[in-house]
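Each chain, letter by letter, is given below.
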Amino acid sequence: MPASPSTARAINDRRALHLLQEEGPLTAGQLKSLTGLSRPSVADLVERLQGAGLIAVVGESGAERRGPNARVYGIVADRAHLAALDVRTDSVGVGVADLLGNPLAEKTLAVAEDLPTDRAVEAAVALLERTAREAGTAPLHTVVIGAPGLIDPASGDLRDSAKLPLWHRRLVAVLQERLPATVLVENETNLAAVAEQRLGAARSHDTFVFLWLGEGVGAAVVLDGKVRRGASGGAGEVGFLPVPGTAGLPSATGCDGGFHSLVGGGAVCRLAAEHGLPGGPDGPAVIAAALEAGERAEPFLDALAERLALGAAAVVAVIDPGCVVLGGDMGLAGGKALAARVEARLAELSPLHTEVRAGELGGGAVLSGALLIAREAAQDDLFAPR
């Protein structure tokens, strides 16, 4: 059946808004050419979108820069603001952007391990409020929180875990109670994978596996352009993956003995020390120093690539993604050199051809991914027909 007039108008409006999002400000004539709509239809949709406060004249174009045909229209970026939180065991990062996703302000706060739960929550809330004020007066429409742990696919709640600070779950609840904004929570690794797919190393791939290499280890599975979370929200918990070379086996309550024991931040630092390289608590710095150390660091880099390839091979055997991205700060530090070593070793372990790429966004991918998800959620709401 043909669409009703109201449905057709809504479709045309969304199409025009999408073009303004992707192409930037456009004239009515450019909208006519890109949408294929008639001049009167474009004039009507421009009037509707201006009346709704979604677009405005942002300049003029053309030789004379005069008259209606020269007006350039753009989305009203400060119609609403978006916020992202990167919640880690010892810190919280906050980013605020406008409706187009342009970053406006960003702050980070260390959270001491022994800080009481209520004080940790209040510190994180205060950080969000300060960052939002610094960004301007527009109201927060959508807040997306990236956190380690499992997200219940039915409720969207951060599930309880004995290994994660209590203030993580409490922070989510407090923000949902206090803010008039929509508050969403997503696994940090999934958000980082979204950012690498849209902005980083996986731009050319609809199907890939993203390995998060930080103090902890995780994975995100992206199939046909979508993050796959699994039946319980636990797809990608590769820290629990049993692999050779560990002292034991992981358990339902802890990933010691799993893949985490081989390639987590602490394990990488210990591996470097075993090979006579400068250790320290900073995995990315250890890897970066090894890449600068020349031949004496070759055995360490080969051993690290071997460990990473073991976990990657298990995932590749099940998913066959064609591409694995080494993300997080350690993946960024390792760069193309480490990725090439992992790819070569993986080719010896698996008959499935798999490209291994270094992530491009490092630890900042979590905030970037959260802002991308917040932008989509806010635009879906604000751009919906009323």
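Model, not experiment: these values are computed from the prediction.

1. Quick notes on the environment of Ser33
Turning to step 1, where the next piece is worked out: With respect to the secondary-structure elements, Ser33 resides in helix α2 (residues 28–35).
Turning to step 2, where the next piece is worked out: As a C-alpha pair, Ser33 and Val221 span 188 residues in sequence and 38 Å in three-dimensional space.

2. Examining the packing of aromatic side chains
Turning to step 1, where the next piece is worked out: If you walk through the whole model with that rule in mind, you get one aromatic pair.
Turning to step 2, where the next piece is worked out: Pairing Phe210 with Trp212 gives two aromatic rings, centres 6.4 Å apart and planes at 45°, and the pair type is tilted. Of the two residues examined, Phe210 and Trp212, each falls in the buried class.

3. Observations concerning the sheet that holds strand β6 (residues 103–110)
Turning to step 1, where the next piece is worked out: An order of β6-β5-β4-β7-β8 is seen for the five strands of this open sheet, with the pairing classed as mixed. Taken across any chain shown, the strands that pair with only one partner, and hence form the sheet edges, are β6 and β8 (182–187). Across the sheet, the mean angle from the axis of one strand to that of its neighbour is 15°, orientation sign disregarded.
Turning to step 2, where the next piece is worked out: Sheet strands touched by helix α4 (residues 117–135): β4 (81–87), β5 (91–98), β6 and β7 (140–147). Its angle to β6, the strand with the most contacts, is close to 155°.

4. Here's the deal with the environment of Glu177
Turning to step 1, where the next piece is worked out: Tracing the sequence through the fold places Glu177 in helix α5 (residues 166–178).
Turning to step 2, where the next piece is worked out: In this structure Glu177 comes out as exposed when scored by relative accessible area, which is 57%.
Turning to step 3, where the next piece is worked out: For the pair Glu177 and Pro153, spaced 24 residues apart in sequence, the C-alpha to C-alpha distance is 20 Å.

5. Brief notes about the pairing of strand β9 (residues 208–213)
Turning to step 1, where the next piece is worked out: Taken across its six residues, β9 has six buried, putting it largely inside the fold.
Turning to step 2, where the next piece is worked out: Taken together, the six bridges between β9 and strand β10 (residues 217–223) define a ladder with antiparallel strand orientation. Within the sheet, the bridge partner assigned to Leu213 lies in β10 and is Val217.
Turning to step 3, where the next piece is worked out: Counted between consecutive antiparallel strands, the loop separating β9 from β10 contains three residues.
Turning to step 4, where the next piece is worked out: Where β9 meets strand β12 (residues 323–327), four bridges bridge the pair, whose relative direction is parallel. From the neighbouring strand, Trp212 faces β12, where its bridge partner is Gly327.

6. Side note on a negative patch on the surface
Turning to step 1, where the next piece is worked out: Where like charges cluster on the molecular surface, the negative patch consists of Asp90, Glu113, Asp114 and Glu215.
Turning to step 2, where the next piece is worked out: When you line up the elements, Glu113 lands in the loop between β6 and α4.

7. Things to note about unusual backbone geometry
Turning to step 1, where the next piece is worked out: For Asp224, which is not glycine, the phi torsion reads 55° and is therefore positive.
Turning to step 2, where the next piece is worked out: On the accessibility criterion, Asp224 (62% relative accessible area) is exposed.
Turning to step 3, where the next piece is worked out: Even without being glycine, Asp320 reaches a positive phi, approximately 50°.
Turning to step 4, where the next piece is worked out: Examined against the element boundaries, Asp320 turns out to sit in the loop between α10 (298–319) and β12.

About the thresholds
Residues numbered from 1 in each chain as written. Predicted model: local features only at pLDDT ≥ 70, side-chain atom pairs only at ≥ 80, totals over all residues. Heavy atoms only, no water. Helix = DSSP H or I, 4+ residues; strand = E, 2+ residues; numbered from the N terminus. Phe/Tyr/Trp six-rings, centres within 6.5 Å; stacked < 30°, edge-to-face > 60°. Buried < 20%, exposed > 50% of the residue type's maximum accessible area, 1.4 Å probe, protein only. Pairing = 2+ DSSP bridges. Axes fitted to C-alpha atoms, helices over the stretch in contact; angles between N-to-C directions. Contact = heavy atoms within 4.5 Å. Patch = residues over 30% accessible without salt bridge, like charges linked within 9 Å, V, L, I, M, F, W, Y side chains within 5 Å. Areas by Shrake-Rupley, 256 points an atom, 1.4 Å probe, with all protein chains shown as cover. Salt bridge = Lys/Arg side-chain N within 4 Å of Asp/Glu carboxyl O. Lys, Arg positive; Asp, Glu negative; His and termini not counted. Charge placed at Lys NZ, Arg CZ, Asp CG, Glu CD.

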